[in-house]
Amino acid sequence: MNGVPLAAFIGLSLFMFSTGVVGVILRRNPIVIFMCIELMLNAVNLAFIAFARYRFSGIGNESQGAAGQMMVVFIMAVAAAEVAVGLGIIMAIYRLKENIDVDELNLLKG
Amino acid sequence: MEGNSLIWLTLGLPILGFLFQGLCGRFLDKTVAGKKLVGLLAVAPVAIAFLIGVMVTKSLNPSKAVVVSSIPWIELKGLSVPFELRIDTLSMTMVLIITGIGALIHLYATGYMSEEKDFARFFAYLNLFIAAMLILVLGNNLLMLFIGWEGVGLCSYLLIGFWYEDIANAKAANKAFIVNRIGDWGLTLGLLLIATLVATSPAMQGETRLFSYDVIFQHLPKILALNPAMGTVAALLLFVGACGKSAQFPLYLWLPDAMAGPTPVSALIHAATMVTSGVVLMNRMSMLFETSPVASAVVCAVGAFTALFAAIIAIGQTDIKKVLAYSTVSQLGFMFVACGAGAYWVGMFHVTTHAFFKALLFLGSGAVIHAMSHEQDMRNYGKLAKYLPITFGTMMVGYLAISGVPGLSGFYSKEEVIGSALAGDLALTGALEVGKWSGWICLIVAALTAMYMTRMMWLTFFGNTEQWRKLEPHHGEDDGHHHLNADHKPHEVPVSMWVPLVVLAFLSAVGGFYLAQGDRFEHWIMASQIGAKVPPPTHPEGIPLMALSIGAAALGILAGLAVYFKGLPAKEGWDESLWAKFRLRARDQFGYDRLMVNSVTTDSAAFSAAANSGFDHGVIEGIGEGAGNLTKSLGGIFNSVQTGLVRMYASVMLIGVVALVLYVIVSFGGVK
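Chains are numbered independently. Their residues run from 1 in the order of the written sequence. As they are written, the chains are lettered A onward and the ligands numbered 1 onward, keeping that order. Local features in this predicted model are restricted to residues whose pLDDT is 70 or higher, and side-chain atom pairs enter the listing and the counts only when it is 80 or higher, whereas totals over whole chains, interfaces and linings include all residues. Side-chain measures were taken over the full set of non-hydrogen atoms in the model, leaving aside hydrogen atoms and water.

1. Points about the overall build of chain A
- Within chain A, the regular secondary structure consists of 3 helices and 0 strands.
- Walking chain A from its N terminus toward its C terminus, one meets helices and strands in the order α-α-α.
- Each of the 110 residues in chain A was classed as buried or not, and the buried ones make up 25%.
- Should any heavy atoms of two residues lie within 4.5 Å, those residues are counted as being in contact. The long-range share in chain A, meaning contacts at least 24 apart out of those at least 6 apart in sequence, stands at 60%.
- Looking at chain A as shown, the accessible area adds up to about 7300 Å², and 71% of this sits on carbon and sulfur atoms. What counts as a helix is a DSSP run of H or I of at least four residues, what counts as a strand is a run of E of at least two, and both are numbered from the N terminus. Partly exposed describes any residue whose relative accessible area lies between the buried limit of under 20% and the exposed limit of over 50%, with all areas from a 1.4 Å probe on protein chains only and scaled to the type maximum. Here, Shrake-Rupley sampling with a 1.4 Å probe gives the accessible areas, and only protein chains in the shown set may cover a residue.

Written out as structure tokens, the structure reads:
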């Protein structure tokens, strides 16, 4: 653990998050969009873990750091459920339209 | 049950009769002896109710009103309204009239309506009508009065419109109902005002039965003494109600049209029960009217004017029932003159005798109509006396009674009315002696009454020719009712119809004499008016009242004979003499009816059309649609943003999140 500063973790997290955002905005394939969302979620997870580790260790209140780690478990569980539902919707859309290009799918237009 | 609780039977029997007729009558009617049985079961409740009424009346101590209470009805904090009946001389007089004459009319109706397909429905309505009227007169609180009041209104609507397939009848029923709503408006406000006055008075602390007569009457004089103006307003509002039900001038116009109903209905509603409820109300509330000379003067003036106006119109009528209808309106005017003059018991006296002879005349006219194949135009009658001896004999008694021939009932009550008005001192506004003026007008009306009744009797039963013999073979349009032709042979009515006629003729002949002996009726009715002033004398000094009223009757009869002795003018009223012009105008009610009806129908339709196009379309819809359009156009602004493109939404979200984060960083100075 020693030697690698907190800023490195945050920098990596920032890079992963930005990559995810750019992917979500630019890619047209919903599968890839999903993967980019996963990337964003994981960036957040990394930030949580890093903060939990660095800010609450060695000062006598590690139990508070557990909150950040709990968040990570939650996010992973919700992300798994969300992806299951999302993929199901994508499958249904594909069966209906034989196309999953998100720019063609504007049924929810106002 | 013992003693006064028996009164519940009087009320309950017609209700039971109504339920039976309404629920089972239709099916019973179809069986072999059905009509007879249905008829019997319709007459019996009313007749038994009458007998019970007689028993209760006999055991009544006139000087003491009895309140028979039963289940609570409305229970609120500080207010309780039980179902309770008041037995006193006023209510029992009305009970006897309603059930006694009602039973006779029911009996008559079993004969008159025997050809009808809706036999049971008719009797259901009649029984319900009797029950509603009994609640009106027997109830011991303002709310029960109101129920009865509205109940008879409903039943009169149902009965007048009994032949609902005929549009004219349905319209007449609507008219009666709608005109009565105006009266009910006044009654409702009046009752509410009285209730408010009583309930807010400190004298009523701790009392919960705020609407009951025995409570109200105890405190009303004191309360009104503190606030006489409110007393006048309440009295006038109640009088508006009385005008509606009792067909006084501005609101009389439903009654002549109501003749569209079957004749027994005309007799029941328009002679014995509903139209007299206004007089009953004034008697019941006499305490209120006595405190207000202004209200009394108004009552007197309206009554006198109505009496004169309706008597003049009656002269122009050719329909036999319409003559009687306007005669009723006119006689009701007499009753109100008496009440306005402060002689409330005289009003009730005339109600009673009028119930006898007017029911008789209506039923007699029904017998004539029955004999003449539903032809009601007197111009097609003539010389009927020899065909209809019983009808003729009984109607003659009724005619002489209403004309005021001495010895018969109408003479006594009419003389008392005129006398009390001439001698009365209650109806005064400043120097104007409304009472005296009304008395003189009544004297003129008495002569007019004798005249138009002579005209009716002469055209129907005498004259030189049997007018229907001159009818064209196919007279008028064939509407299923008029089968009168030149070969028609009038026939006397069946026994169920002439028995009531004979009984009523007997009552018309001797009823007035009996009740007038020793001021019997006066002492009887006055006993129920607790706290009422001594009534004004009914025999004014210095005026030879008896000679005047006999003279008026004689003058009227002679005038009638003089005009009609030669029989009917070839086509009455269609020649151009001055008299005929007047008669045509009178027949038309001097345009009053048309004016009122047009103002309600055509003119208000025009008004509402204008309101519809101008106000409703312009303003109301403008507001409504404006609100809708505003929302729509506001929505339209954001509509274009909703492209349905996922990636665009994501970009927007990103921008939003970045903006939010920047905001947090700037305003909180970054993460510490």
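Moving on from the model shown.
2. Things to note about the interface of chain A and chain B
- Contact residues are listed per partner, giving 15 residues for chain A and 12 residues for chain B.
- When chain A packs against chain B, the two sides together hide about 1000 Å² of surface, and 56% of this comes from carbon and sulfur.
- Here a salt bridge means any side-chain nitrogen of Lys or Arg lying within 4 Å of a carboxyl oxygen belonging to Asp or Glu. The tally of links from chain A across to chain B stands at 0 salt bridges.
- Residues adjacent in sequence count toward polar contacts only when both atoms are side-chain atoms; beyond that, a polar contact is any pair of N or O atoms within 3.5 Å, and within protein one must be able to donate a hydrogen and the other to accept it. If you look at where chain A meets chain B, you find 2 residue pairs in polar contact (both at pLDDT 80 or more).
- Broken down by secondary-structure element, the contributors of at least two residues to the side of chain A that touches chain B are α1 (6-26) and α2 (30-56) of chain A.
- The element contributing the most residues to the side of chain A that touches chain B is α1 of chain A, with 4 residues.
- Amino acid classes used here: Ala, Val, Leu, Ile, Met, Phe, Trp, Tyr, Cys and Pro are nonpolar; Asp, Glu, Lys and Arg are charged; the rest, including Gly, are polar. Classifying every residue of the side of chain A that touches chain B gives 8 nonpolar, 2 polar and 5 charged. When two components associate, each loses some accessible surface as probed by a 1.4 Å sphere; the sum of these losses over both components is called the buried area.

3. Brief notes about the nonpolar core
- For our purposes a nonpolar core is just a set of buried Ala, Val, Leu, Ile, Met, Phe, Trp, Tyr and Cys residues, chained together by side-chain atoms within 4.5 Å. Of all hydrophobic cores here, the largest spans 200 residues; its most connected members are Met-285 and Phe-289 of chain B.
- Sort the elements by how many residues they give to this core and helix α15 (residues 344-371) of chain B lands first, with 18 residues.
- Formed by 8 residues, the second largest nonpolar core is a distinct cluster that contains Val-24, Val-32, Ile-33 and Cys-36 of chain A.

4. Structural notes on the pairing of strand β1 (residues 66-76) of chain B
Residues and elements named next belong to chain B.
- Paired strands are those between which DSSP finds at least two bridges. Alignment of β1 against strand β2 (residues 79-87), held across 8 bridges, turns out to be antiparallel. When the sheet's bridge partners are listed, Val-66 is paired in β2 with Ile-87.
- As consecutive antiparallel partners, β1 and β2 are separated by 2 residues, and within that stretch Gly-78 has a phi angle of approximately 80 degrees, a positive value.

5. Re the packing of aromatic side chains
All names here are of chain B.
- In this analysis, rings of Phe, Tyr and Trp, with Trp reduced to its six-membered ring, are considered paired at centre separations within 6.5 Å, and the interplanar angle assigns stacked below 30 degrees, edge-to-face beyond 60, and tilted for intermediate values. Within the structure shown, the criterion is met by 20 aromatic pairs over all chains.
- When the centroid spacing of 5.0 Å and the interplanar angle of 75 degrees are considered together, the rings of Phe-119 and Phe-123 count as edge-to-face. Of this pair, Phe-119 and Phe-123 both sit in helix α4 (residues 119-138), 4 residues apart, roughly one helical turn. Each member of the pair, Phe-119 together with Phe-123, is buried.
- Aromatic pair Phe-122 and Phe-123: ring centres 5.5 Å apart, planes at 80 degrees, arrangement edge-to-face. For the pair formed by Phe-122 and Phe-123, the shared burial category is buried.
- One aromatic cluster is present, formed by Phe-119, Phe-122, Phe-123, Phe-162 and Trp-163 through successive ring pairs.
- The aromatic ring of Phe-177 is capped on one face by Arg-181, whose charged end is 4.8 Å from the ring centroid. The criterion is that NZ of a Lys, or CZ of an Arg, lies within 6 Å of the ring centre and within 35 degrees of the ring normal, and then a charge sits over that ring.

6. As for α2 of chain A
- Between the first and last residue of a helix there are one fewer steps than residues, each counted as 1.5 Å, and that sum is the expected span. In this model, α2 of chain A (27 residues) spans 38 Å end to end at C-alpha, consistent with the 39 Å of a helix rising 1.5 Å per residue.
- Looking at where α2 of chain A begins, the residue whose side-chain oxygen comes 2.9 Å from the main-chain nitrogen of Ile-31 of chain A is Asn-29 of chain A.

7. Considerations on the layout of surface pockets
- For cavity detection a 1 Å grid was placed over the protein atoms alone, and a set of points counts as a cavity when a 1.4 Å probe fits there but cannot get out; an open set counts as a pocket when protein lies on both sides within 12 Å along at least five of seven lines, with lining residues being those that have an atom within 4 Å of a point. Grid points are joined across faces, edges and corners, and a volume is the space filled by probe spheres set on the points. Its boundaries defined by the atoms lining it, the second largest pocket holds a volume of some 1100 Å³.
- Forming the boundary of the second largest pocket are 37 residues, of which Val-24, Ile-33 and Ile-37 of chain A together with Val-646 and Ala-650 of chain B lie nearest the centre.
- At the level of secondary structure, the elements contributing two or more residues to the lining of the second largest pocket comprise α1, α2 and α3 (62-97) of chain A together with α25 (646-668) of chain B.
- Considered class by class, the residues forming the lining of the second largest pocket number 32 nonpolar, 3 polar and 2 charged.

8. A short note on the pattern of salt bridges
Residues and elements named next belong to chain B.
- Under the defined criterion, the tally for this structure stands at 9 salt bridges over all chains.
- When the shortest N-O distance is used, the salt bridge between Asp-257 and Lys-175 registers 3.1 Å. Taken together, the residues Asp-257 in helix α9 (residues 254-257) and Lys-175 in helix α6 (residues 167-199) connect sequence positions 82 residues apart.
- Across the salt bridge formed by Asp-184 and Lys-245, the nearest N and O atoms sit 3.6 Å from each other. You can see Asp-184 sitting in helix α6 and its partner Lys-245 sitting in helix α8 (residues 228-245), a full 61 residues away along the chain. The same class applies to Asp-184 and to Lys-245, which are both buried.

9. Some points on unusual backbone geometry
- Although it is not a glycine, Glu-98 of chain A sits at a positive phi angle of roughly 50 degrees.
- As for its position among the elements, Glu-98 of chain A is in the segment after α3.
- With relative accessibility at 62%, the residue Glu-98 of chain A sits in the exposed group.
- Its identity as a non-glycine residue notwithstanding, Ala-247 of chain B has a phi of 55 degrees, on the positive side.
- Note that Ala-247 of chain B resides in the loop between α8 and α9.

10. A word on the side chain of Thr-99 of chain B
Residues and elements named next belong to chain B.
- Here Thr-99 shows up in helix α3 (residues 89-112).
- Overall, Thr-99 belongs to the buried group, its relative accessible area being 0%.
- In this view, Thr-99 contacts Thr-10, Val-46, Ala-49, Phe-50 and Leu-134; residues no more than four positions away in its chain are not counted.

11. Some details on the confidence of the model for chain A
- For every residue, the pLDDT score states the predictor's confidence, bounded by 0 at the bottom and 100 at the top. The pLDDT averaged across chain A works out to 84; a share of 87% of its residues lies at or above 70.
- When pLDDT is averaged over each element of chain A, α1 of chain A comes out on top at 91 and α3 of chain A at the bottom at 86.

12. With respect to the environment of Thr-353 of chain B
Residue and element names in this part refer to chain B.
- Along the chain, Thr-353 turns up in helix α15.
- Given the relative accessible area of 0%, Thr-353 is considered buried.
- For the pair Thr-353 and Gly-25, spaced 328 residues apart in sequence, the C-alpha separation works out to 34 Å.
- Excluding its chain neighbours within four sequence positions, the residues that come into contact with Thr-353 are Ser-409, Ser-413 and Gly-512.
- A distance of 3.3 Å separates a polar atom in the side chain of Thr-353 from the backbone oxygen of His-350.

13. A few points about the packing of helix α11 (residues 277-284) of chain B against α15 of chain B
All names here are of chain B.
- Between the N-to-C directions of two axes lies an angle of 0 to 180 degrees, each axis being a line fitted to C-alpha atoms and, for a helix, fitted only over the stretch in contact. Packing of α11 against α15 leaves a shortest axis separation of 9 Å and a crossing angle of 155 degrees. The orientation of α11 relative to α15 falls into the category roughly antiparallel. The chirality of how α11 crosses α15 is left-handed. Counting all contacts with α11, which are made through Val-279, Val-280, Met-282 and Asn-283, the residues of α15 involved are Tyr-344, Trp-345, Gly-347, Met-348 and Val-351.
- Taken together, the residues of the contact of α11 with α15 break down into 7 nonpolar, 2 polar and no charged. We call two directions roughly parallel when the angle between them is under 35 degrees, roughly antiparallel when it is over 145, roughly perpendicular when it lies between 65 and 115, and oblique otherwise. Should the near helix be turned counterclockwise from the far one by less than a right angle, the crossing is left-handed, whereas a clockwise turn marks it as right-handed.

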